[in-house]
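Coordinate analysis (summary)
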Amino acid sequence: MTDERLREVSRLRRAMIRPELGAIAGTILVFVFFLMIAGDSGMFGPKGIQNWTVVSAQFAIIAVGACLLMIAGEFDLSVGSMIGFAGVVIAILSVQWGWPVWASIIVAFAICLALGFVNGVLVIKTGLPSFIVTLAFLYILRGLTIWLSILTTRQTIIGGVKDVAEGDPLAWAFGGVILKPVFQWLADIGLIDTFTRGTRAGQPVVEGVPMLVVWALALIVFGHFLLTKTKFGNWIFAAGGDKQAARYVGVPVDRVKILMFMFTAFCACVFATCQVMEFGSAAADRGLLKEFEAIICVVIGGALLTGGYGSVIGAALGALIFGVVQQGLFFSGAESSLFRVFLGTILILAVILNTYIRRMITGER
Amino acid sequence: MSTPIVEMKSIEKHFGPVIALAGVSFDIRPGECHCLLGDNGAGKSTFIKTMAGVHKPTKGEILFEGTPMSFDSPRDSMEAGIATVYQDLAMIPLMSVTRNFWMGREPEKGFAPFKRVDFDHANQVTMDEMKKMGINLRSPDQAVGTLSGGERQTVAIARAVYFGAKVLILDEPTSALGVRQTANVLSTIDKVRKKGIGVVFITHNVRHALAVGDRFTVLNRGKTLGTAGRGEITPEQLQDLMAGGQEMAQLEGSLGGTV
Ligand SMILES: Nc1ncnc2c1ncn2[C@@H]1O[C@H](COP(=O)(O)OP(=O)(O)OP(=O)(O)O)[C@@H](O)[C@H]1O
Ligand SMILES: [Mg+2]
């Protein structure tokens, strides 16, 4: 069916006008930039790629949660503190109390989901902005984390997780590496360098794909599917777009929001568990500022701060931009403080572009 | 005379100190159009919101098909077959027409956990229903924010007509519509009524009310001034009831004609 008032829109233009456009443009810009200034520094060799992939994946894990929550119209500023808290819980239970690591991980997830639930219920029942409620939890959880850590071990770092996690199936699901044979084969045909000396001589410099990256991809696919293809996804948009209108037509707005707080907490716990398994330790100051980094990824990805609009793919690209810029400046040998300058610039540019696109799509005035 | 689908008995609704409804009784039978009239602030919207499950009545009883019923949320009333066009429309501007149209009752396909919204079907129905109301959408993916006020209102009406299995509640559905779309809505009300659905029609326009109404109830300051059947009341009487008599006559005099 055609409408005579509709100008013929070129296919290219239609493909371009999408919420992720700002993030796509930013990603291209960032890659071109670093190919130019750090192309021969090893940043785009196997080891370098692994390096920024892992960092980007970390951002992506928390960005997916923050993205769905923001689209549902809320923030969670307690994500960073929850990361520190979950890590310390795992370490205390497994190292200090001698629990199996899998049980410690399950308990940490249960606690995080409960905290997400409490965040959500408090926001809904008090009607206060989630900004304030979760800001309170930012302090409460950070304080509890340090207190618990010092109370049980007299220090703020709890090590020894690596030893107790040996052979634990659930620990592997967060700290393991997959596709090892493929990478060995890539090394055999000479696509990946191998260690030439030491105990690992002959093994590829990149062992395989860390489970952290698998988690990131799985969460991105899950979040994208949920948001764009399912009924619940429609409710997420509706809850953030106009909660009264959504209630009128029977959307269970409160339930949607509380579940999104819980999902954000789940993502924070995934992040925390992966980090504890990677480092073999937990520290009370882990996760500092992560809540803002997640929000920045989401906003670069085209989401509207006031809710009701956004894209998980965009948020994932935002995480990629974040990771590449952070590691790229390291590879190029630039002053690390420049990371912030660069990031701030990208943030502004992406958001300006996003706002422009969004107005075109939604007719916002 | 058939039994009412919904019967509301002496409904009271207080918002803190504000008494929005002070004992309103009302019923809606299958196949009739019951018009609800009254001044601004009379309590019409509040009343239909209690019927739709948005508000819980402070006092009074709601019978649905003869049995006492308490709707805890709009979802309950929707499931019972009551669809509502709210005065503030309940449309989300950032979302597409299709997503708005189906919001709360999305059609699904596939098996759990891969159940997904059947967008092909949803888009098709949305376009068809809008066309029936006399509006050709450019695309079902279009955000509601890009529609004109009247087009938005039409989406809300089309949605309610599509889902209103037993009762259709329309709160000032024609306030922003053009002549053709208004005629369309009135003839849709007529069509829907003939299918045996009960229509509650709120309007400020006496001519629209008389064009399709079978019964007329006038609200004034949270109370009913009474219910009249078709032919029992003249347009002038209805107008006077709605606006509270003499002042209206004076106003009309100074404006030199019927308002
Ligand atoms: N949520 C609320 N809280 C407090 N007072 C309310 C609320 N909703 C409605 N009221 C009050 O109840 C009264 C009736 O309002 P209502 O919206 O039902 O009027 P109406 O008959 O629909 O008017 P209109 O023709 O302008 O749409 C008004 O005085 C209004 O201020
Ligand atoms: Mg009203």
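Residues numbered from 1 in each chain as written. Chains lettered and ligands numbered in written order. Predicted model: local features only at pLDDT ≥ 70, side-chain atom pairs only at ≥ 80, totals over all residues. Heavy atoms only, no water.

Labelled according to an unreviewed UniProt entry, chain B appears under the name Galactose/methyl galactoside import ATP-binding protein MglA, originating from Tritonibacter multivorans.

Chain A appears in an unreviewed UniProt entry as Xylose transport system permease protein XylH from Tritonibacter multivorans. As recorded by UniProt, the Subcellular location (unreviewed entry) comment attached to chain A reads in full: "Cell membrane". (UniProt positions renumbered as here; feature names shortened; annotations may be inferred.)

1. Regarding the overall build of chain A
Of regular secondary structure, chain A possesses 16 helices and four strands. Taking 2.2 N^0.38 as the reference for a compact globule, 365 residues should give roughly 21 Å; the C-alpha atoms of chain A span a radius of gyration of 22 Å, in line with that estimate. Each principal axis of the C-alpha atoms in chain A carries an extent, and together these give about 70 × 50 × 35 Å. Counting only carbon and sulfur atoms, one obtains 67% of the accessible surface of chain A, whose full area is about 16700 Å². Of the side-chain charges in chain A, 26 are positive and 21 negative, and the distance between the mean point of each set is 6 Å. (Helix = DSSP H or I, 4+ residues; strand = E, 2+ residues; numbered from the N terminus. Rg over C-alpha atoms; globule rule 2.2 N^0.38 Å. Areas by Shrake-Rupley, 256 points an atom, 1.4 Å probe, with all protein chains shown as cover. Lys, Arg positive; Asp, Glu negative; His and termini not counted. Charge placed at Lys NZ, Arg CZ, Asp CG, Glu CD.)

2. A closer look at the coordination of the magnesium ion (ligand 2)
Residues and elements named next belong to chain B. Within the first shell, the magnesium ion (ligand 2) binds the protein through Ser-45 (OG) and Gln-87 (OE1), at distances of 1.9 to 2.2 Å. Here Gln-87 lies in the loop between β6 (82-85) and α3 (97-102) and Ser-45 lies in helix α1 (residues 44-51), a separation of 42 residues in the sequence. Under the relative-accessibility criterion, Ser-45 is labelled buried at 19%. (Donors = N, O, S within 2.8 Å, 3.2 Å for Na, K, Ca; no water. Buried < 20%, exposed > 50% of the residue type's maximum accessible area, 1.4 Å probe, protein only.)

3. Section: the pairing of strand β4 (residues 59-64) of chain B
Residues in a regular strand point their side chains to alternate faces of the sheet. Residue and element names in this part refer to chain B. Here five bridges tie strand β1 (residues 6-15) to β4, and the two strands are oriented antiparallel to one another. Across the sheet, residue Val-6 finds its bridge partner in β4, namely Phe-64. Summarising the sheet, β4 and strand β5 (residues 67-68) pair through two bridges and their orientation is antiparallel. When the bridges of β5 are listed, Phe-64 appears paired with Thr-67. Taking the residues that link successive antiparallel strands as the turn, the β4-β5 hairpin has two residues, and the phi of Glu-65 there is positive, at about 50°. (Pairing = 2+ DSSP bridges.)

4. Overview of the pattern of salt bridges
Inspection of the entire model under this criterion finds 16 salt bridges over all chains. Note that Lys180(A) is salt-bridged to Glu207(A), the shortest N-O span being 3.2 Å. Pair noted here: Lys180(A) is in helix α9 (residues 180-188) and Glu207(A) is in the loop between α9 and β3 (209-210), with a separation of 27 residues, a long-range link. Judged by relative accessible area, Glu207(A) falls into the partly exposed class, the value being 32%. Note that Glu129(B) and Lys132(B) form a salt bridge whose closest N and O atoms lie 3.0 Å from each other. One end of the pair, Glu129(B), and the other, Lys132(B), are both in helix α4 (residues 119-132), three residues apart, so they sit about a helical turn from each other. Take Glu129(B): its relative accessible area is 11%, and that puts it in the buried class. Residue Lys132(B) is classed as exposed on the basis of its relative accessible area of 54%. Three or more residues joined by partner-sharing salt bridges are found here, namely Asp27(B), Arg29(B), Glu32(B) and Arg215(B). (Salt bridge = Lys/Arg side-chain N within 4 Å of Asp/Glu carboxyl O.)

5. Comments concerning the site of ligand 1
All names here are of chain B. Close to ligand 1 lie 13 residues, the nearest being Asn-40, Gly-41, Lys-44, Ser-45 and Thr-46. For ligand 1, an oxygen atom lies 2.7 Å from a polar atom in the side chain of Ser-45. Contact distances for ligand 1 include 2.9 Å between an oxygen atom and a side-chain N or O atom of His-204. Relative to its unbound accessible surface of 640 Å², ligand 1 loses 63% to contact with the protein. If you tally residues by element for the shell around ligand 1, the top one is α1, at three residues. Looking at the shell around ligand 1 residue by residue, the classes come out as three nonpolar, seven polar and three charged. (Near = heavy atom within 4 Å. Polar contact = N/O pair within 3.5 Å; in protein donor to acceptor, adjacent residues only side chain to side chain. Nonpolar A, V, L, I, M, F, W, Y, C, P; charged D, E, K, R; others polar.)

6. Description of the side chain of Thr264(A)
Following the sequence through the fold, Thr264(A) ends up in helix α13 (residues 253-279). Here Met260(A) takes part through its backbone oxygen, which lies 2.8 Å from a polar atom of the side chain of Thr264(A).

7. Some thoughts on the confidence of the model for chain B
Residue and element names in this part refer to chain B. Summarising the model, chain B shows a mean pLDDT of 88, and 93% of its residues fall at 70 or more. Mean pLDDT across the elements of chain B ranges from a minimum in helix α9 (residues 246-255), with 59, to a maximum in α3, with 95. Scored by ipTM, the complex comes to 0.87, with pTM at 0.90. (pLDDT = per-residue confidence, 0-100.)

8. Describing the sheet that holds strand β11 (residues 215-220) of chain B
Residue and element names in this part refer to chain B. Read from one edge to the other, the open sheet built from six strands follows the order β6-β9-β10-β3-β11-β12, with strand pairing classed as mixed. Across the chains shown, the open sheet's two edge strands, defined by having one partner strand only, are β6 and β12 (223-229). On average, adjacent strands in this sheet sit at an angle of 15° to one another, irrespective of strand direction. Relative to β11, strand β3 (residues 33-38) runs parallel, the two being bridged by five bridges. Across the sheet, Leu-37 pairs through a bridge with Val-218, a residue of β11. Against the sheet, α1 engages β3, β6, β9 (167-171), β10 (198-202) and β11, with an angle of about 140° to β3. Running over the sheet, helix α8 (residues 235-243) touches β3, β11 and β12 and is turned about 25° from β11. (Axes fitted to C-alpha atoms, helices over the stretch in contact; angles between N-to-C directions. Contact = heavy atoms within 4.5 Å.)

9. Description of unusual backbone geometry
Residues and elements named next belong to chain B. Residue Pro-113 is reached from Ala-112 by a cis peptide bond, and omega for that bond is 0°. Along the chain, the position of Pro-113 falls in the loop between β7 (108-109) and β8 (116-117). A positive phi is found at Arg-221, a non-glycine position, where the angle reads about 45°. You can see Arg-221 is positioned in the loop between β11 and β12. Using a relative accessible area of 73% as the deciding quantity, one classes Arg-221 as exposed.

10. Quick word on the packing of aromatic side chains
Under the criterion given, the structure shown has 26 aromatic pairs over all chains. Taking 5.4 Å as the distance between ring centres and 75° as the angle between the ring planes, the aromatic pair formed by Phe31(A) and Trp52(A) counts as edge-to-face. Taken together, the residues span a long stretch of sequence, with Phe31(A) in helix α2 (residues 21-38) and Trp52(A) in helix α3 (residues 46-71) at a distance of 21 residues. Judged by its relative accessible area of 9%, Trp52(A) is buried. A ring pair is formed by Phe64(B) and Phe71(B), whose centres lie 6.2 Å apart and whose planes are at 75°; its orientation type is edge-to-face. (Phe/Tyr/Trp six-rings, centres within 6.5 Å; stacked < 30°, edge-to-face > 60°.)

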